[in-house]
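# A structural walkthrough
What follows is the residue order along each chain.
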Amino acid sequence: AQRVTQPEKLLSVFKGAPVELKCNYSYSGSPELFWYVQYSRQRLQLLLRHISRESIKGFTADLNKGETSFHLKKPFAQEEDSAMYYCALKIVGPGGGADGLTFGKGTHLIIQP
Amino acid sequence: NAGVTQTPKFQVLKTGQSMTLQCAQDMNHNSMYWYRQDPGMGLRLIYYSASEGTTDKGEVPNGYNVSRLNKREFSLRLESAAPSQTSVYFCASSGWTGGETQYFGPGTRLLVL
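On a predicted model such as this, the values are computed, not experimentally measured, just so you know. (Residues numbered from 1 in each chain as written. Chains lettered and ligands numbered in written order. Predicted model: local features only at pLDDT ≥ 70, side-chain atom pairs only at ≥ 80, totals over all residues. Heavy atoms only, no water.)

### Some words on the state of the cysteines
Threshold: Criterion for a disulfide: a pair of cysteine sulfur atoms within 2.5 Å. Every helix listed is a DSSP run of H or I at least four residues long, and every strand listed is a run of E at least two residues long, numbered separately from the N terminus. Each residue is placed in one exposure class: buried if its accessible area under a 1.4 Å probe, protein chains only, is under 20% of its type's maximum, exposed if it is over 50%, and partly exposed if it falls in between.
Using the criterion set out here, one finds 2 disulfides over all chains in the structure. Disulfide partner of Cys23(A): Cys87(A), at an S-S distance of 2.0 Å. Linking Cys23(A) and Cys87(A), the disulfide has an S-S dihedral of approximately -65° and is accordingly described as left-handed. Of the two residues, Cys23(A) is situated in the loop between strand S3 (19-21) and strand S4 (24-26) and Cys87(A) in strand S9 (residues 83-92); the sequence distance between them amounts to 64 residues. Cys87(A) carries the same exposure label as Cys23(A), and that label is buried. Paired by a disulfide, Cys23(B) and Cys91(B) hold their sulfur atoms 1.8 Å apart. Between Cys23(B) and Cys91(B), the S-S dihedral sits near -70°, and the bridge is therefore left-handed.

Here is the structure:
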């Protein structure tokens, strides 16, 4: 069965320091992975997806199939990055159609001034 | 566009009571989803609807029923609420099932006493 693991419930770093939020997955198919973010009192929103190979708000994430990882990185953290971050894996059903997303348990990132 | 809207924002129920959570989207999306978010558990998929007229179980469907009323609306019903169903419920939609971005509603906080 598919699984997404985010080993850190809480990550606290100082402003200006590098940030890495870890995400590992287990999935027998070809993975499609996403990072979602939830700022305080706001709804969950997409941050980035691996197929786009994009950088959003200074964040990047590279899919490493050998290590089954999709870690989220930012070289210099900013206070406004404080939020809950969820790694998510697209699920493909038995018929070949996608069934939705499997989310990790989330990492609460706190950026200290 | 309002995106994804949910009603109510907050609800308190007694054990055994029933209620329906409403969700609507105005983005002409085919696929809609219901998740629950619990502390330390991340988001878990309850039910999803790949297209109008179809619904399928997700990871935690027990105790819930859904109705895809039309392309815009996807409701979640608790027939006999239990304290274990105390949670924050999120509705989401996407252009197609599991594909690309899922857009989330603001959530409904449900407390079952």
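### A word on the nonpolar core
Note the following rule: Only buried Ala, Val, Leu, Ile, Met, Phe, Trp, Tyr and Cys residues count toward a nonpolar core, and they belong to the same one when joined by side-chain atoms within 4.5 Å. The contact rule is simple, with two residues in contact once any of their heavy atoms fall within 4.5 Å.
Ranked by internal contacts, the top residues of the largest apolar core, which has 25 residues, are Trp35(A), Leu72(A) and Tyr85(A). Sort the elements by how many residues they give to this core and S9(A) lands first, with 4 residues. Excluding residues within four positions of it along the chain, Tyr85(A) makes contact with Gln6(A), Leu21(A), Trp35(A), Tyr36(A), Val37(A), Leu47(A), Phe59(A), Leu72(A), Gly106(A), Thr107(A) and Leu109(A). One finds Val66(B), Phe74(B), Leu76(B) and Tyr89(B) within the second-largest nonpolar core, a separate group that totals 20 residues.

### So, the interface of chain B and chain A
In plain terms, the rule: Definition used for salt bridges: Asp or Glu carboxyl oxygen within 4 Å of a side-chain nitrogen of Lys or Arg. Pairing of N or O atoms within 3.5 Å defines a polar contact, subject to two protein rules: one partner must be a possible hydrogen donor and the other a possible acceptor, and residues neighboring in sequence count only if both atoms are side-chain atoms. Charged means Asp, Glu, Lys or Arg here, nonpolar means Ala, Val, Leu, Ile, Met, Phe, Trp, Tyr, Cys or Pro, and polar covers whatever is left, Gly included.
At the junction of the two partners, chain B supplies 21 residues and chain A supplies 17 residues. Here chain B and chain A share 0 salt bridges between them. Applying the counting rule to chain B against chain A returns 5 residue pairs in polar contact (both at pLDDT 80 or more). Of all the elements in the fold, those that place two or more residues in the side of chain B that touches chain A are strand S4 (31-38) and strand S5 (42-49) of chain B. Per element, the largest residue contribution to the side of chain B that touches chain A is 4 residues, and it comes from S5(B). Within the side of chain B that touches chain A, the residues separate by chemical class into 11 nonpolar, 9 polar and 1 charged.

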